[in-house]
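Summary of the model geometry
Here's the letter readout for the chains.
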Amino acid sequence: MMDSFCYAGHMFEQTTLTISRWLYGLTITSCAVWLAWLCFAHLPLWGALFLLPVLCMLAAMVGAPLLAAASLLAGTMGALLMLMVRRWTASPRSGA
C-alpha cells in the first residue's frame, strides 16, 4: 500500500511541476512579445531599442513572484484534476 502511495505522490509532483513550467513559460513569453510589440509600435526605433530591455527587466522583477505563485497554483489544480479523473475512470479491479 505504501509503494502505491509513494508512486502516486511522485506522479502528482511531476504533473504539477510540468504544468507549472509550461504555464510559466507561456505567460512570460506572451508578456515579452506583448511588451516588444508595445515598444516597437508606439515608440521610435531608438526609443524602443533603449526602453525594451529596461521594461523587460522591470517586468521580470515585478511579475516573476506573482507568475510563479499562479503557475504553482494552476499546476496543483491541474494535477488534482488529473488524479480525480484517473480515480473516476479506473476500473474497480485495477486497484487504482
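Higher on the page you've got the structure.
So, here is what we can say about the structure in this document. (Residues numbered from 1 in each chain as written. Predicted model: local features only at pLDDT ≥ 70, side-chain atom pairs only at ≥ 80, totals over all residues. Heavy atoms only, no water.)

Let us now look at the overall build of the protein chain. Within the protein chain one finds 2 helices and 0 strands. Going through the 96 residues of the protein chain one by one, you find that 12% of them count as buried. Contacts spanning at least 24 positions in sequence make up 64% of the contacts within the protein chain whose residues lie at least 6 apart. Split by element, the accessible area of the protein chain, about 7,500 Å² in all, is 77% carbon and sulfur. (Helix = DSSP H or I, 4+ residues; strand = E, 2+ residues; numbered from the N terminus. Buried < 20%, exposed > 50% of the residue type's maximum accessible area, 1.4 Å probe, protein only. Contact = heavy atoms within 4.5 Å. Areas by Shrake-Rupley, 256 points an atom, 1.4 Å probe, with all protein chains shown as cover.)

Considering the arrangement of structural elements, one finds Thr 16 in helix H1 (residues 2–42). Judged by relative accessible area, which is 9%, Thr 16 ranks as buried. The residues touching Thr 16, leaving out its near neighbours within four places in the chain, are Leu 72, Gly 75, Thr 76 and Ala 79.

Mapped onto the elements, Leu 43 comes out in the loop between H1 and helix H2 (45–89). Setting aside its immediate chain neighbours within four residues, Leu 43 contacts Ala 48 and Leu 51.

This part is about the state of the cysteines. The tally for this structure, following the rule as stated, stands at 0 disulfides. Distance from the sulfur of Cys 39, which forms no disulfide, to the nearest cysteine sulfur (Cys 56) is 7.2 Å. Take Cys 39: its relative accessible area is 3%, and that puts it in the buried class. Since its relative accessible area comes to 29%, Cys 56 is described here as partly exposed. (Disulfide = S-S within 2.5 Å.)

Scope: geometric values only; no functional claims are made or implied.
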